[in-house]
Structure formats: structure tokens, C-alpha cells
Amino acid sequence: MRIVTCAANFQVKSKAGNVREIIMAARFGHWSTGLLTSMNDPEMVVESDDKVVVIKDKYPKAKYHFLVLPKEQIPSLKALKPSQIDLLNHMHKIGKEIAFRADKDLRFRLGYHAVPSMSHLHLHVISQDFNSPCLKTKKHWNSFTTKYFVDSEDVIKAISSNGKWSVDSEKYSDLLKKDLRCHICDESFSTIPSLKGHIVLHDVSVSKKSL
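A brief look at the structure comes next. (Residues numbered from 1 in each chain as written. Predicted model: local features only at pLDDT ≥ 70, side-chain atom pairs only at ≥ 80, totals over all residues. Heavy atoms only, no water.)

1. Points about helix α8 (residues 192-199)
Heads up, the condition is: The classification of residues rests on relative accessible area computed with a 1.4 Å probe and restricted to protein chains. Under 20% of the type maximum is buried, over 50% is exposed, and intermediate values are partly exposed. A helix here means a DSSP run of H or I that spans at least four residues, while a strand means a run of E at least two residues long, and both kinds are numbered starting from the N terminus. It is the directions from the helix axis to the C-beta atoms that the arc portrays. Every residue pair with non-hydrogen atoms within 4.5 Å of one another is taken to be in contact.
Inspection of α8 places Ile192, Leu195, His198 and Ile199 among the buried residues, and these make up the whole buried set. The buried residues of α8 occupy one face: seen down the axis, they fall within an arc of 125°. Packed against the buried residues of α8 are α5 (138-145), β7 (180-181) and β8 (188-189).

Below is the structure:
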């Protein structure tokens, strides 16, 4: 399965001839709706069925980083209803299959950002090596390694039990400002480069204890 780098992502945009649209969208604040465009971009789509579309993240934060999106128009976690539990289970199932096909020996997590920045519900399927030039900031790191990243199964349980997804946005947003810590051993680091240099020393294969 081909890995998309940050540089490749830019090339995909250029090939599509949508540079002007992208610039205009960013200027007018429409970048948050970019997932809807990617769902219809053959360069980004990995697979699809009658319920979901799987795409490559344009700016992957790990060696493998996919997004599972429902074809049904669901803007965010807050819009979910108990009647959509079957859909969430299907998204989880597809995510597990994609992860296994990408690298059956590498550990993955499936989950959602508690307060997503992009419009349209999307499930992250991300390998735990975090080996990517696109992972550059504390916000990037903390959005996938703190409680800001909510496991898929926990979201399903919350919707099943409470009938909706409800969180304190301010509380969760504060998690993005936490100090940098290794997601494996909890060692503290002052910079992203030093953290990334440390991560490669860890074994993130499925044979090791899960996060």
C-alpha cells in the first residue's frame, strides 16, 4: 500500500489543477470542508462501499494514516444519534480491515478527535510509529496521544449509553497544550525532533502491549 508524504500531497493538489480553488478556500475559511472534496478525489480514495469511503489523510501524522468517512451527511460527533450505531460499528470494522492490510504487524489506533477541526464525521486509522514529516507541532502530537483522541469503541459506547456525544470543548482543547510525552514510556521532551528521535527506539508491533 503506497504511503503518501507531505510532498506527495502537494503534488496531488497540483495534478488536480485545483490550486486556485485550494487557495481561495483557505482564504475564505472553507478548508474545514476539505474532506468532502477528498471523498471524490480518485488520488485520495483507498476504497469504498455503499456506506463509507476510506481516504488517505492528506497530511499523515504516521507511516499509515487513513480516514473512514460515512457517505451519509454527518457533520460531527455531536450530530450522532443512537440510530447510527450500526454505521459506527461498520466504520470501525472497515478501519480494522484497512489497518490489517496496510501492515498486519504494526500497531494501530482507531479513534476520533473529541473536538474535530474538520467538518464531516471521520474515523482516524493511524499507526503508532508516528513516523511522518507532517507531524510537526505539539498540537499534532497531543491530538493523537492524549485523551483528546477518543477510541472508536468508546465513542460507540457513549452514543449507546447517553444517546449523544457531549464534551467540554474548552477542557479538551487544553489537552492540546500539554507537555510533550512519549506515548509508550511517558518520558518528557522539550521539542518534537527530540521526541521523534526517541520514538524510533520503541517497538510498536502488535506483539507488544497495546496503548
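Now that the structure has been shown, we can carry on.
2. Side note on the sheet that holds strand β1 (residues 45-48)
To be explicit about the condition: Criterion used throughout: strands pair if DSSP finds at least two bridges between them. Angles shown run from 0 to 180 degrees and are taken between the N-to-C directions of axes, each axis being a line fitted to C-alpha atoms and, for helices, limited to the stretch in contact.
Pairing is antiparallel across the open sheet formed by six strands, whose spatial order is β1-β2-β3-β5-β4-β6. One side of each edge strand has no neighbouring strand; the edge strands of this open sheet are β1 and β6 (149-151). Between one strand axis and the next, the sheet turns by 30° as a mean value, whatever way the strands run. Across three bridges, the pairing between strand β4 (residues 108-113) and β6 is antiparallel. By the bridge assignment for β6, histidine 113 is matched with phenylalanine 149. Each of β4, β5 (123-127) and β6 touches helix α6 (residues 152-162); the most contacted strand, β6, lies at about 75° to it.

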